Amino acid sequence: MINLTIDRRPVSVEPGTTILEAARQNGIRIPTLCYLKEINQIGACRMCLVEVEGARGLQTACTVPCTEGMVVRTNTPTVREARKLVLELLLSDHNIECPTCLRASNCELMQLAHDHGVSQIPLQGAHHEAHLDVGSGAIAVDSSKCVLCQRCVAVCREVQGVSAISVTGRGFESRVSPFFDVSLSEAACALCGQCTLVCPTGALTEFDETEAVWRALLDPNKHVVVQTAPAIRVSIGEPFGLPPGSVSTGQMVAGLRRLGFDQVFDTVFSADLTIMEEATELIQRLQSGGPLPLITSCSPGWIKYAEHFFPGVLENLSSCKSPQQMFGALAKTYYAEKSGIDPANIVVVSIMPCTAKKYEANRPEMNSSGYQDVDYVLTTRELARMFRQAGIHLPDLPEEEFDSPLGIGTGAGTIFGTTGGVMEAALRTAAAWLEPDSPSPKIEFQEVRGIPFQVREATVSLNGTSLNVAVANGLAAAGWLMEQVSTGQKDYHFIEIMGCPGGCIGGGGQPIPARGPEALDEVRLARIASLYTIDERMTLRRSHENPAIQQLYAEYLEKPGSERAHQLLHTHYHARVPAGVRRR
Amino acid sequence: MTCSACKGITPDDPRFAELDAFIQDGHSSADFLIAVLHRAQQLFGYLPEEVQHHVAAALGVPPSEVYGVVTFYNYFTLTPVGKYPINVCMGTACYVQGAGRILELFEKELGIQPGQVTPDGLFSLDVCRCVGACGLAPVVTVAGEVHGKLTESDALKLVAELRERAAADQAEAGAAVATVGGESQ
């Protein structure tokens with residue numbers, strides 16, 4: 001252990017610990033705008049300046065490792081003045097239209113300026129030219145709010161392995177942008193939105209579509225239905241002060257009804273449907289010899305990434321649309337017929353934990369109902385804003401139930417929201433189908449339950465057949481796994497991939513933790529635990545037991561994999577070569 | 001994405017083979033990115049999209065990072081250089097001796113700013129800091145050739161001479177093509 005003094009108190013830390021981490025371990029929060037543990041320790045923002053006895057000038061706590069006998073002071077007049085000056089410099093070149101910013105309620109820069117008593121912006125000087133990019137329709141980039149902390153660059157490279165963006169130019173011409181400054185829509189970007197979770201300001205946000213949804217809700221000729229992804233119910237409470245992972249399903253349903261949605265449905269319903277189709281596809285591929293491995297296709301960030309970087313595995317992707325898109329296709333066909341509403345007047349809104357879902361809904365092929373299947377996708381953060389605008393404080397609401405029939409779901413559909421969940425849900429149904437005589441078919445497959453950032457492998461035995469399966473979350477892990485598969489080093493039957501760390505609960509459209517990115521690990525685990533708790537408490541835990549799904553097949557789709565099912569619920573993928581894809 | 005600057009550089013351009021030879025000669029890791037970009041710019045005159053992609057793939061560096069490095073350093077350029085790249089030294093000695101006026105004159109005569117190339121591709125203009133020939137101030141280099149103690153009329157004469165030289169080259173090339181064409185018939 002290394003012994004040192006921080007603010008006159010003796011502390012001991014592991015060798016290699018930085019001053020910033022040592023301080024955190026001992027209850028001292030050194031401010032920072034750029035630090036991300038292990039992936040972005042570059043001293044870029046200069047907020048973490050501290051005094052180190054004997055050192056020349058102030059030191060950046062995030063880059064300097066502790067040494068034996070070091071004497072550190074984090075709170076002296078010199079340090080406070082220096083930090084305030086750093087903030088004044090940052091603000092002198094910052095778009096300070098703060099009340100109009102999507103991050104006004106949780107901007108790290110604004111919080112630090114407030115904490116450090118910055119009461120005016122005395123410095124006048126040159127400004128970066130503002131670049132706006134909303135071309136992707138999923139992520140909005142506003143360089144006038146960028147502090148060049150490079151967290152987004154680090155997450156894109158280290159966590160997602162995409163490297164769609166980099167800092168380009170220098171001085172007042174520097175900014176974060178893709179290869180040759182193209183729009184994100186033309187770049188190697190998967191639109192996963194992980195960058196929007198770590199951006200300390202409003203430079204990277206979701207592309208806001210709340211106004212369009214308000215307009216649809218006000219239109220008397222429109223029948224507006226909403227679906228909510230499994231991951232929303234365990235995160236929507238957070239913006240209203242509830243602890244991470246709080247289950248707010250009933251309040252969320254009540255809130256959506258109060259916003260004016262005509263029907264409040266559940267993506268868990270179409271997640272169950274996905275399992276029916278995908279388990280059928282898996283069994284068919286196992287029996288007819290492939291192509292294997294079958295790889296899940298629920299995550300639109302993963303799909304876009306595969307289309308860019310691994311065109312060779314596209315034939316392995318399940319042809320099943322994601323639950324969001326299956327829902328949209330059915331809402332404007334099955335539901336429209338059943339309820340006697342002209343599908344032209346139905347507006348389908350999705351609440352998703354995801355920015356890439358916005359892109360997915362706008363893919364030109366997603367129109368098998370004859371209309372755009374899903375009209376608007378709102379992230380969890382946008383829904384929270386709509387609730388606020390409507391004066392809805394979620395914890396105050398009573399619990400209400402989803403509408404029928406597209407609001408009925410099982411535990412299997414619910415765990416789609418976490419890494420490993422689709423795999424487990426598929427195995428539950430496959431086990432029941434392959435072992436029809438088993439008195440107690442297996443329900444819980446702990447061995448495939450995902451862990452954020454880890455690739456899990458397991459061999460599962462179903463009716464004497466051994467299935468090699470793997471589960472990956474985060475695109476860097478996905479890329480690694482695909483390399484293994486492409487080069488023949490690993491041999492699997494079935495792979496689940498989710499584009500974001502932890503799966504959808506860690507999606508790029510989820511609430512930003514009140515404590516900032518350092519809380520992400522803890523928040524992801526809390527949300528995952530809650531989804532498994534919901535599943536455990538449900539009577540129906542296997543997708544094929546869902547009565548609404550059984551009815552759907554009986555009345556409309558006939559059977560899994562039928563012609564009509566294929567027309568409405570399946571899709572195909574395209575290899576793409578956007579700007580800045582490293583040719584492999 | 002369209003990249004007008006890439007026109008004329010195809011993947012089978014022989015200069016890629018030369019670049020690859022350099023990369024394989026002990027410069028194949030990401031640590032040599034800047035050295036490899038230097039070599040690439042020597043070969044191609046500039047660093048268009050195709051060349052950056054090639055370097056990215058060869059060194060295993062994401063293209064966005066290559067682009068970040070290229071745009072960070074003033075030395076690297078995304079615009080092709082002219083047949084006669086004119087570099088006006090703006091070092092202290094040259095500046096004192098009127099390099100500013102010489103630069104303005106070139107700008108006016110060629111109708112371009114530093115960092116640009118004339119539409120006919122003949123001239124590109126740039127400025128540099130001290131070429132180490134302060135005794136000859138003001139100094140201008142054209143494709144590595146040094147012209148010292150340049151007056152304004154010298155500068156205009158230089159441009160005129162280069163235009164003539166280019167016209168002569170073109171006539172010669174045209175004649176050669178005509179001859180080859182004639183022989184082949």
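All values reported here derive from a predicted model rather than from experimental measurement.

Engineer: Can you help me understand the overall build of chain A in this one?
Structural biologist: In terms of helices and strands, chain A carries 19 helices and 18 strands. Here the C-alpha radius of gyration of chain A, 25 Å, is about what a compact globule of 584 residues would show, namely 25 Å. Expressed as lengths along the three principal axes of its C-alpha atoms, the size of chain A is roughly 75 × 55 × 45 Å. Split into buried and exposed, the 584 residues of chain A put 62% on the buried side. Counted over contacts in chain A with a minimum sequence separation of 6, partners at least 24 positions apart contribute 74%. Split by element, the accessible area of chain A, about 22,100 Å² in all, is 50% carbon and sulfur. Within chain A, the 64 negative side-chain charges are centred at a point lying 5 Å from the centre of the 50 positive side-chain charges.

Engineer: Is there a simple way to explain the interface of chain B and chain A in this structure?
Structural biologist: Taken together, the 21 residues of chain B in the interface contact 20 residues of chain A. At the surface where chain B touches chain A, the tally comes to 1 salt bridge. Ionic pairing is found between Arg157 of chain A and Glu65 of chain B, a salt bridge with its closest N-O pair at 3.8 Å. Linking chain B with chain A are 5 residue pairs in polar contact (both at pLDDT 80 or more). For the side of chain B that touches chain A, the element with the most residues is helix H4 (residues 63–72) of chain B, which contributes 7 residues. Along the lines of polarity and charge, the residues of the side of chain B that touches chain A split into 12 nonpolar, 7 polar and 2 charged.

Engineer: Just checking my understanding: could you explain the sheet that holds strand S1 (residues 84–89) of chain B for this structure?
Structural biologist: Across a sheet, paired strands are connected by hydrogen bonds in the backbone, their directions being either parallel or antiparallel. Residues and elements named next belong to chain B. Here we have 4 strands laid out as an open sheet, ordered S2-S1-S3-S4, and mixed in their pairing. The open sheet has two free edges, formed respectively by strand S2 (123–128) and strand S4 (145–147), since each of these has just one partner strand. Averaged over all pairs of adjacent strands, the angle between strand axes in this sheet comes to 25°, irrespective of strand direction. Here strand S3 (residues 140–142) runs beside S4; their pairing, made up of 3 bridges, is antiparallel. Pairing of Thr141 across the sheet is with Val146, part of S4.

Criteria and thresholds
- Residues numbered from 1 in each chain as written.
- Chains lettered and ligands numbered in written order.
- Predicted model: local features only at pLDDT ≥ 70, side-chain atom pairs only at ≥ 80, totals over all residues.
- Heavy atoms only, no water.
- Helix = DSSP H or I, 4+ residues; strand = E, 2+ residues; numbered from the N terminus.
- Rg over C-alpha atoms; globule rule 2.2 N^0.38 Å.
- Buried < 20%, exposed > 50% of the residue type's maximum accessible area, 1.4 Å probe, protein only.
- Contact = heavy atoms within 4.5 Å.
- Areas by Shrake-Rupley, 256 points an atom, 1.4 Å probe, with all protein chains shown as cover.
- Lys, Arg positive; Asp, Glu negative; His and termini not counted.
- Charge placed at Lys NZ, Arg CZ, Asp CG, Glu CD.
- Salt bridge = Lys/Arg side-chain N within 4 Å of Asp/Glu carboxyl O.
- Polar contact = N/O pair within 3.5 Å; in protein donor to acceptor, adjacent residues only side chain to side chain.
- Nonpolar A, V, L, I, M, F, W, Y, C, P; charged D, E, K, R; others polar.
- Pairing = 2+ DSSP bridges.
- Axes fitted to C-alpha atoms, helices over the stretch in contact; angles between N-to-C directions.

In short, geometric facts, not functional conclusions.
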